[in-house]
Amino acid sequence: MTDLIHKTGARAGTEDARMPPPGITAMIPCYNEIDCVERAYQEIQTEVGKYDDVELLFIDDGSTDGTLDAIKGFAAVDPRVKYISFARNFGLEAAFSAGFKYASKAWTVQFDADLQSPPHEIHRLVAKAMEGYDVVFAVRENRRDPWYRKLGTWAHQTIARRWLGIELPQGASVFRIVRTSVARKVVDSRLSTPYFIATAPLIGARYTTLPTEHHPRVDGVGKWNLRKLFPHAIELFVGFSFRPLAWLIGLSAAAVAGGAVISALALAGQLSQLAVGLAALVTSLVTLMLLTVVARYLVRVMRVQAIGVPRYQIREANIPIRADEALYGHETPYVVAEVWENVS
Ligand code: UDP
Ligand code: MG
């Protein structure tokens, strides 16, 4: 393993830039995972513990079921356990944004608390990263999720790549190893949502994918449903491509031209009233679609404008956190103005 680790920083396929041996932060976002978190801690610490310099960073995303107490229990006996607890549920993207920001090691591996991606796969991810990548995304082999989740992922990623020209690793999951400095660039980018798999390629991260095992949840229930997944996909489309707008503008131009022809034919008495009525209906539907898409882009602009508003607020933690991200500001124990210098 040491040999592998010492290759860090070498460009893919070369042995040039040797970097210091990496520490590893195991990041575990948790939202109401009381049924899984104990087993997750045990399995993740067993695998991550095989490396020299590690920390386990739990991000409690506003759990209300005792998950935080369980995490505090691990921290009481294991000094490698760090945690941040949000003031409410801010969502997985906020959780991993905080995780990447407060990770103190050079590499961060993002795990799921439900162990759907088995922790023992970390070694293959590490080995792949050491070939010279900034990010290695796990792609779930025989994904063990409901059919509509698999179809949804395939459909929205395919639309994004093929139709909208958005570069992203097809099938990439949130189980990934990321060079922490690069991950921070991604989550700090001035985008309303750090859509990680699309932003990493955008900023020039060297990335690849690796097929890994996938299992059903060990316990508890999944937190994603169609109500959350659909807006998430739309965010990808409008956040990283202007093509939907361009297509609709083309469609509007076609509707205007068609309208002119239909009007001329109607005036010449060549069209029935029904045909004219239907043409009017089609034209107003195009207008409606255009308005909807423009409105969605406007939402996107407004979200970007609200970028100064922190994505999350932290209620408590056992590591230094930034005052502006702490709900109780300087009253919070451990608060510091800056944390970046802690990073190895
Ligand atoms: N999660 C989170 N905040 C949320 C939703 C989920 O931190 O608002 C965590 C959750 O506890 C788990 C991981 O994100 O560790 C993946 O969630 P889940 O298993 O529900 O997603 P799925 O596997 O269904 O994609
Ligand atoms: Mg899961």
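Here the structure is a predicted model, which is why all the values come from computation and not from measurement.

Comments concerning the overall build of the protein chain
- Each helix and strand counted, the protein chain has 11 helices and 10 strands in total.
- Of all 344 residues assigned to the protein chain, the portion counted as buried reaches 47%.
- In the protein chain, the proportion of contacts linking residues at least 24 apart, taken out of those at least 6 apart, comes to 78%.
- Of the accessible surface of the protein chain, which amounts to about 16900 Å², a share of 61% is contributed by carbon and sulfur atoms.

With respect to the coordination of the magnesium ion (ligand 2)
- Surrounding the magnesium ion (ligand 2) are the protein donor atoms Asp114 (OD) and Gln116 (OE1), at 1.9 to 2.1 Å. We note that Asp114, like Gln116, is buried.

Comments concerning the site of ligand 1
- Surveying the vicinity of ligand 1 reveals 17 residues, the closest of which are Pro29, Glu33, Asp61, Asp114 and Lys223.
- Contact distances for ligand 1 include 2.6 Å between a nitrogen atom and a side-chain N or O atom of Asp61.
- In the environment of ligand 1, an oxygen atom lies 2.6 Å from a nitrogen or oxygen atom belonging to the side chain of Asp114.
- In terms of residue class, the shell around ligand 1 is made up of six nonpolar, four polar and seven charged.

Focus: the packing of aromatic side chains
- Here the structure, examined in full by the defined rule, presents 13 aromatic pairs.
- On the numbers, 4.4 Å between centres and 10° between planes, the contact of Tyr41 with Phe74 is stacked. Here the residue Tyr41 occupies a position in helix 2 (residues 37-48), and Phe74 occupies one in helix 3 (residues 67-77), the gap between them amounting to 33 residues.
- Each ring, one from Phe242 and one from Tyr297, has its centre 5.8 Å from the other, and the planes form 20°; the classification is stacked. Remark: Tyr297 occurs in helix 11 (residues 273-305) and Phe242 occurs in the loop between helix 9 (226-240) and helix 10 (243-267); sequence separation between them is 55 residues.

Quick look at the pairing of strand 5 (residues 135-140)
- Across the six residues that make up strand 5, a large majority, five, are buried.
- In terms of strand pairing, strand 5 meets strand 6 (residues 172-179) through four bridges, oriented antiparallel. From the neighbouring strand, Val136 faces strand 6, where its bridge partner is Ile177.
- Of the strand pairs in this sheet, strand 5 and strand 7 (residues 207-212) are connected by six bridges, and their pairing is parallel. Looking at strand 7, one finds that Phe137 is bridged to Thr209.

Things to note about the UniProt feature "transmembrane region" (unreviewed entry) in the protein chain
- With numbering matched to this structure, UniProt assigns "transmembrane region" (unreviewed entry) to residues 245-268 and 274-299.
- End-to-end, the C-alpha atoms of residues 245-268 are 35 Å apart, and along that stretch the chain is 96% helix and 0% strand.
- Secondary structure across residues 274-299 comprises 100% helix and 0% strand; the distance between its end C-alpha atoms is 37 Å.

Examining the environment of Arg143
- When you line up the elements, Arg143 lands in the loop between strand 5 and helix 6 (147-163).
- Look at Arg143 and you get buried, because its relative accessible area is 10%.
- Spatially, the C-alpha atoms of Arg143 and His215 are 7.2 Å apart, while their sequence positions differ by 72 residues.
- Those residues in contact with Arg143, other than ones at most four positions away along the chain, are Arg149, Lys150, Thr153 and His214.
- Within the structure, the side chain of Arg143 is placed 2.9 Å from the side chain of Asp145, a separation counted as a polar contact.

A short note on the packing of helix 4 (residues 92-102) against helix 7 (residues 180-188)
- Relative orientation of the contacting elements helix 4 and helix 7 amounts to 135°, with a least axis distance of 8 Å. Regarding the angle of helix 4 to helix 7, the classification is oblique. The chirality of how helix 4 crosses helix 7 is left-handed. Residues Phe96, Ser97, Phe100 and Lys101 of helix 4 lie in contact with helix 7, whose contacting residues are Thr180, Ala183, Arg184, Val187 and Asp188.
- Residues that form the contact of helix 4 with helix 7 fall into these classes: four nonpolar, two polar and three charged.

Some words on the side chain of Thr199
- Residue position: Thr199 is located in helix 8 (residues 196-202).
- Owing to a relative accessible area of 1%, Thr199 belongs among the buried residues under this scheme.
- With sequence-adjacent residues up to four places away left out, Thr199 is seen in contact with Val186, Ser189, Leu191, Pro194 and Phe240.

Focus: the sheet that holds strand 2 (residues 54-60)
- Spatially, 7-5-6-4-1-2-3-8 is the arrangement adopted by the eight strands of the open sheet, whose pairing is mixed. Bordering the open sheet on either side are strand 7 and strand 8 (314-317), each of which pairs with just one other strand. Here the average twist between neighbouring strands, direction ignored, is 20°.
- Looking at chain direction, strand 4 (residues 107-110) and strand 6 are connected through four bridges and run antiparallel. Among the inter-strand pairings, Gln110 is bridged to a residue of strand 6, identified as Arg176.
- Contacts from helix 3 reach strand 1 (24-30), strand 2, strand 3 (81-86) and strand 8 within the one sheet, and its direction differs from that of strand 3 by about 160°.

Quick notes on the rules
- Residues numbered from 1 in each chain as written.
- Chains lettered and ligands numbered in written order.
- Predicted model: local features only at pLDDT ≥ 70, side-chain atom pairs only at ≥ 80, totals over all residues.
- Heavy atoms only, no water.
- Helix = DSSP H or I, 4+ residues; strand = E, 2+ residues; numbered from the N terminus.
- Buried < 20%, exposed > 50% of the residue type's maximum accessible area, 1.4 Å probe, protein only.
- Contact = heavy atoms within 4.5 Å.
- Areas by Shrake-Rupley, 256 points an atom, 1.4 Å probe, with all protein chains shown as cover.
- Donors = N, O, S within 2.8 Å, 3.2 Å for Na, K, Ca; no water.
- Near = heavy atom within 4 Å.
- Polar contact = N/O pair within 3.5 Å; in protein donor to acceptor, adjacent residues only side chain to side chain.
- Nonpolar A, V, L, I, M, F, W, Y, C, P; charged D, E, K, R; others polar.
- Phe/Tyr/Trp six-rings, centres within 6.5 Å; stacked < 30°, edge-to-face > 60°.
- Pairing = 2+ DSSP bridges.
- UniProt positions renumbered as here; feature names shortened; annotations may be inferred.
- Axes fitted to C-alpha atoms, helices over the stretch in contact; angles between N-to-C directions.
- Parallel < 35°, antiparallel > 145°, perpendicular 65-115°, else oblique.
- Left-handed = near helix turned anticlockwise from the far one by under 90°.

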